[in-house]
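Chains, contacts and geometry: an overview
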Amino acid sequence: MSKLKVIIAGAGLGGLCLAQILRRADVGVEIFESDSSPWDRPQGYRLHIDRDGVNALREVLPANLYRLFEATAMRPLPYTTIVDTTLKELRRISSGGHDRTPRHWLADGGPQHINVNRATLRHILLTGLQDFCRFGARMLRYETDAEGVTAVFADGSTARGDILVGADGIRSAVRRQRLPEARIMDTGVRAIYGRIPIEKARHHLPEHVLADVFTVASDDRRVFLGLGPVIFPARPDAASDRIAPEAGLFGQDDYVVCIVGGRREYFPGEDAMLRQAGGPALQALAIRMLEEWPAAAGAIPAQGDPSSFFSIEMHTSVPCDLGETFRVTLLGDAIHAMTPTLGRGANVAMRDAALLGHAIIAVERGEVGLALALTAYEREMASYGFGVVRESAFIGQGLMGQDSLAA
Ligand SMILES: Cc1cc2nc3c(=O)[nH]c(=O)nc-3n(C[C@H](O)[C@H](O)[C@H](O)COP(=O)(O)OP(=O)(O)OC[C@H]3O[C@@H](n4cnc5c(N)ncnc54)[C@H](O)[C@@H]3O)c2cc1C
């Protein structure tokens with residue numbers, strides 16, 4: 001029987017990875033998620049997964065679920081290709097070539113770049129955790145004492161454990177209480193995301209767009225168009241029937257994600273209008289943003305599925321000092337949210353989860369004390385996590401006019 005009970009706030013990619021590794025080691029765990037179901041709201045489409053993410057998933061998932069992840073993951077050519085507004089190729093950058101942050105690998109293995117469908121990956125990570133996951137549970141605050149920690153939820157209920165992990169994303173309630181001085185800043189960049197069905201993509205996009213990790217064009221305002229394919233090696237539903245029927249993955253057709261973004265000044269209307277607009281209106285806005293571009297690129301957002309479009313406001317964390325901790329810790333976007341310029345936020349969140357999982361398992365086995373284990377985890381996590389925040393901000397300033405962290 002487990003000595004420890006870990007409470008995780010947030011069933012995103014990071015929280016679920018942590019729950020997977022703890023369950024495999026028979027550590028007591030309970031996850032509380034504010035959404036009323038895993039499929040409550042659109043969470044984005046394509047995700048770029050790099051070596052941090054692959055290594056973390058290999059560490060946390062049971063063997064058959066890891067095989068399912070591999071079976072549903074596209075292996076693109078490892079390039080980000082820069083094109084001009086006529087779609088003429090300017091440069092092919094080896095993916096990861098932007099990234100000057102030193103990394104510590106959790107496991108061996110060569111460089112890998114993978115494109116996955118976010119909902120498919122989350123579904124794989126949820127597999128086997130249904131009995132430990134409570135949806136519709138929004139954590140408000142916590143109280144600590146000598147024996148443990150109590151999490152308090154919006155419906156008045158509470159949960160008691162030995163450790164509380166804030167995996168509750170960029171607006172983390174756990175971070176607000178633990179580190180009230182930690183700042184999240186608006187970078188001034190907005191973007192509209194949509195999905196282009198594969199048949200239209202094959203017809204309207206250059207061939208390399210369907211093969212590379214990512215393709216991007218921008219104009220002299222730094223308004224940009226980004227394109228990233230998800231071409232499944234096997235359909236997720238068929239792959240799960242074959243490899244892990246308990247996962248019950250949903251079907252999903254191949255697609256190319258289409259992103260139109262830039263500084264807020266170039267978006268007509270206020271943020272409130274962007275937040276309220278439905279898919280077709282956002283698609284129309286994306287088309288308008290590129291109306292002065294030559295038709296080959298300017299017409300691309302029109303190929304998307306109108307209902308698939310949504311908008312985001314890009315925010316970033318500002319690196320800060322975490323000090324010492326006991327019982328309450330953080331992972332992923334809850335502490336080091338970053339702009340998606342390097343496509344690394346989810347990878348770093350999953351790396352945190354694997355690292356923290358090992359630290360908690362060592363405490364469970366009596367190999368190290370709780371305060372020491374959590375403080376060592378946080379020191380390492382903050383060092384690489386804030387490193388990637390700075391790198392993403394630096395690249396984001398050049399590519400899309402993101403405000404600097406100093407601002
Ligand atoms: C458009 C876009 C594209 C991106 N592309 C990439 C990419 O290609 N590669 C990459 O690595 N990263 C990418 N990222 C970043 C990546 O999505 C995040 O870094 C990643 O999701 C962080 O995972 P997380 O588990 O820390 O947080 P989240 O995924 O945000 O999960 C947090 C969870 O906590 C829940 N929650 C929130 N508050 C509470 C509460 N009070 N109580 C209980 N539950 C709560 C939320 O509902 C959510 O389910 C992208 C981000 C965006 C916006």
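Residues numbered from 1 in each chain as written. Predicted model: local features only at pLDDT ≥ 70, side-chain atom pairs only at ≥ 80, totals over all residues. Heavy atoms only, no water.

If you look the protein chain up in an unreviewed UniProt entry, it shows as Putative flavoprotein monooxygenase.

The three strands lie next to each other as β8-β9-β10, forming an open sheet whose pairing is antiparallel. Whereas interior strands pair on both sides, the edge strands pair on one side only; in this sheet they are β8 (139-144) and β10 (158-161). Strand after strand, the sheet turns through a mean of 20° between neighbouring axes, direction not considered. Judged from the five bridges that link them, β8 and strand β9 (residues 149-153) form a sheet pairing that is antiparallel. Across the sheet, the residue bridging to M139 is F153, located in β9. (Pairing = 2+ DSSP bridges. Helix = DSSP H or I, 4+ residues; strand = E, 2+ residues; numbered from the N terminus. Axes fitted to C-alpha atoms, helices over the stretch in contact; angles between N-to-C directions.)

A few words on the site of the ligand. What surrounds the ligand is a group of 31 residues, the closest being E33, H48, R118, D333 and N347. S34 places a main-chain nitrogen or oxygen 3.2 Å from a nitrogen atom of the ligand. Look at the ligand: alone it shows 1000 Å² of surface, and the protein chains cover 85% of it. Elements with a contribution of two residues or more to the shell around the ligand: α1 (13-24), β2 (28-33), β3 (46-49), α4 (118-126) and α12 (345-364). For the shell around the ligand, the leading source of residues is α12, giving four residues. Taken together, the residues of the shell around the ligand break down into 11 nonpolar, 10 polar and 10 charged. (Near = heavy atom within 4 Å. Polar contact = N/O pair within 3.5 Å; in protein donor to acceptor, adjacent residues only side chain to side chain. Areas by Shrake-Rupley, 256 points an atom, 1.4 Å probe, with all protein chains shown as cover. Nonpolar A, V, L, I, M, F, W, Y, C, P; charged D, E, K, R; others polar.)

What follows deals with the side chain of S392. Relative to the assigned elements, S392 resides in helix α13 (residues 370-400). Accessibility expressed as a relative area gives 0% for S392, which makes it buried. In this structure S392 touches M338, T339, T341, L342 and Q402, once residues within four positions along its chain are discounted. (Buried < 20%, exposed > 50% of the residue type's maximum accessible area, 1.4 Å probe, protein only. Contact = heavy atoms within 4.5 Å.)

Within α4, seven of the nine residues are buried, which leaves it mostly tucked inside the rest of the structure. For α4, the complete set of buried residues consists of T120, L121, R122, H123, I124, L125 and L126. Positive phi appears at G128, one or two residues downstream of α4, with a value of about 85°.

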